[in-house]
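Understanding the architecture of this molecule
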Amino acid sequence: MTDIVGIIKKKAEASLALTLPSIIERALWDRFDASPDKPLSAVGFNWALVLNFEKCWPDIGRKYAVSCARDCLLVPYGTIGYDWTPRSAKELVDEYVAEHGEGE
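Residues numbered from 1 in each chain as written. Predicted model: local features only at pLDDT ≥ 70, side-chain atom pairs only at ≥ 80, totals over all residues. Heavy atoms only, no water.

1. Quick notes on the packing of helix 2 (residues 42-56) against helix 3 (residues 62-72)
- Here helix 2 crosses helix 3 at 120 degrees, and the two axes come no closer than 8 Å. What the angle tells us is that helix 2 and helix 3 run oblique. Classified by chirality, the crossing of helix 3 by helix 2 is right-handed. For the pair helix 2 and helix 3, contact is made by W47, L49, V50, L51, F53 and E54 and by R62, A65, V66, C68, A69 and C72, respectively.
- Of the residues assigned to the contact of helix 2 with helix 3, the class counts are 10 nonpolar, no polar and 2 charged. (Axes fitted to C-alpha atoms, helices over the stretch in contact; angles between N-to-C directions. Helix = DSSP H or I, 4+ residues; strand = E, 2+ residues; numbered from the N terminus. Parallel < 35°, antiparallel > 145°, perpendicular 65-115°, else oblique. Left-handed = near helix turned anticlockwise from the far one by under 90°. Contact = heavy atoms within 4.5 Å. Nonpolar A, V, L, I, M, F, W, Y, C, P; charged D, E, K, R; others polar.)

Okay, structure coming up:
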């Protein structure tokens, strides 16, 4: 009986490992879409950048999307006079993509 429980537990953990990231990403997109002008935390803003890069360039992978997010920020997060919203993250990514090409 223990073997069956162990097998089921392993399969459940493997399934969760595959589906959890997409569930989290969907929740983030839902939040960004529902409140595009709501200020984000530093972590939230970085996620908005990364997810927008992955949306523009679906084949780049998470590591490169993170690298692009770091590269496109010209001022530190929280700098006064800048918007730190999902909408501004998308605009920043759109500008970066236009400058660096459509398919990195």
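2. Some words on helix 3
- When helix 3 is considered as a whole, its buried residues turn out to be A65, C68, A69 and C72. Viewed along the axis of helix 3, the buried residues span an arc of 105 degrees, placing them on a single side of the element. Opposite its buried face, helix 3 presents the exposed residues K63 and R70, each directed more than 90 degrees away.
- For helix 3, the elements touching its buried residues are helix 2 and helix 4 (86-100). (Buried < 20%, exposed > 50% of the residue type's maximum accessible area, 1.4 Å probe, protein only. Arc of directions from axis to C-beta.)

3. Here we look at the packing of aromatic side chains
- Throughout the structure, instances matching the rule amount to 7 aromatic pairs.
- Aromatic rings pair up to connect F45, Y77, Y82 and W84 into one cluster.
- Its end group placed over the ring of W29, K55 keeps NZ or CZ at 5.0 Å from the ring centre. (Phe/Tyr/Trp six-rings, centres within 6.5 Å; stacked < 30°, edge-to-face > 60°. Lys NZ or Arg CZ within 6 Å of the ring centre and 35° of its normal.)

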